[in-house]
Amino acid sequence: MTAPAPHRFRTAVDALYCLIATPVFCMVMFGFFCPLILVAPTLALRRAIGRSAVHICLALIGQHLRREAMDWLPDTPAMVVANHASYMDGLILTAVLPARFTFVVQDGAARWPFVGWVLRRTGVSFINRGSVREGAQQTRLLMKRLKAGESLAIFAEGTFDDARPGLLPFKTGAFLLAARAGVPVVPVAIRNSREMLGGGWKGFRWRPVTVRVGPPVLPGGADRVAVESVKQQVRNWVADHCGEADRQNTLAEAA
């Protein structure tokens, strides 16, 4: 069956944009800004370069990040929890969050060629979910950093499914960390990043992306019931604002 003419036209426009925008973004980001980050002498400067780099590279390819309700971000230590639908999400949050936020990602990213080195230089914290002992040590370190006044940002799904849209179940670790450190959890919904880069495409499509911050939720305790309550409250808010279907119920029904 032949696709409708408007759909074929949109696909052709997307393909043309992809051929132009993808190499421009990659050349400027990885050819100029990433080496600059590697040689910058201080963490503050490296993070400032990273934040500016994302804004500049997106502007060069005509992309725009819309930020909403940023006033919800507290000035005090906090745990930002966001959905994850694209490889662009980390860069998107880098662009919109203050530089005081440290990202927490799976340790596999540390072994990515070149990119892993850049991530280390920007102060990213890695967590090893494959080793109970190492993961526990890293968790204790993160808790100390929260109590010492740092703020963290994490993708609570732990991963994303490029082929199938939808919000996956949240892992408990971030919420338990926040509860034990006594800091609020701030929900963040990233909308349309999968359409920008993902969903079967290996390059960029022109799509406006929105980052919306939700009201902070202060855990009422560190026991299992209190932590699960905060996790569900935060996840419900993200599900309502991220623009993707909720796959938690679908997965539960399939099981």
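Residues numbered from 1 in each chain as written. Predicted model: local features only at pLDDT ≥ 70, side-chain atom pairs only at ≥ 80, totals over all residues. Heavy atoms only, no water.

**A word on the nonpolar core**
In terms of nonpolar packing, the biggest core is built from 44 residues, with Leu93, Leu97 and Phe204 touching the most fellow members. Secondary-structure elements contributing two or more residues to this core are α1 (5-39), α2 (43-60), β2 (79-82), α3 (89-96), β3 (101-106), β5 (151-155), β6 (185-191) and β7 (209-213). It is α1 that provides the largest number of residues to this core, a total of eight residues. Setting aside anything within four residues of it in sequence, one finds Leu97 in contact with Arg51, Leu73, Val80, Phe103 and Ala153. Of all hydrophobic cores here, the second largest spans 29 residues; its members include Ile127, Leu152, Ala156 and Val185. (Core = buried A, V, L, I, M, F, W, Y, C linked by side-chain atoms within 4.5 Å. Buried < 20%, exposed > 50% of the residue type's maximum accessible area, 1.4 Å probe, protein only. Helix = DSSP H or I, 4+ residues; strand = E, 2+ residues; numbered from the N terminus. Contact = heavy atoms within 4.5 Å.)

**A closer look at the sheet that holds β6**
Pairing within the open sheet is mixed, and its seven strands lie in the order β1-β7-β6-β2-β5-β3-β4. Every interior strand has two partners, whereas the edge strands, β1 (65-68) and β4 (125-127), have only one. Within this sheet the neighbouring strands show an average axis-to-axis angle of 25°, counted without direction. Looking at chain direction, β3 and β5 are connected through four bridges and run parallel. Bridging across to β5, Thr102 finds its partner in Leu152. (Pairing = 2+ DSSP bridges. Axes fitted to C-alpha atoms, helices over the stretch in contact; angles between N-to-C directions.)

**Notes on the pattern of salt bridges**
Within the structure shown, the criterion is met by eleven salt bridges. Here Lys231 ties to Glu228 by a salt bridge, and the two come within 3.4 Å at their closest N and O atoms. Of this pair, Lys231 and Glu228 are both found in helix α8 (residues 224-241), three residues apart, which corresponds to roughly one turn of the helix. By relative accessible area, which is 31% here, Glu228 ends up partly exposed. Linking Asp246 and Arg235 is a salt bridge whose minimum nitrogen-to-oxygen distance equals 2.8 Å. Taken as a pair, Asp246 in the loop between α8 and α9 (247-254) and Arg235 in helix α8 lie far apart in primary sequence, eleven residues in all. (Salt bridge = Lys/Arg side-chain N within 4 Å of Asp/Glu carboxyl O.)

**A look at the pairing of β2**
Burial along β2 is two-sided: Met79 and Val81 facing one way and Val80 and Ala82 facing the other are all buried. Bridge count between β2 and β6: four bridges; the pairing is parallel. Along β6, the bridge assignment pairs Met79 with Val185.

**Observations regarding the packing of helix α6 (residues 173-181) against α8**
Running from N to C, α6 and α8 point in directions that differ by 120°, and their axes come no closer than 9 Å. In terms of orientation, α6 lies oblique with respect to α8. Relative to α8, α6 is oriented so that their crossing is right-handed. Residues Phe175, Leu176 and Ala179 of α6 form the contact with α8, whose participating residues are Val227, Val230, Lys231 and Val234. The residue makeup of the contact of α6 with α8, split by class, is six nonpolar, no polar and one charged. (Parallel < 35°, antiparallel > 145°, perpendicular 65-115°, else oblique. Left-handed = near helix turned anticlockwise from the far one by under 90°. Nonpolar A, V, L, I, M, F, W, Y, C, P; charged D, E, K, R; others polar.)

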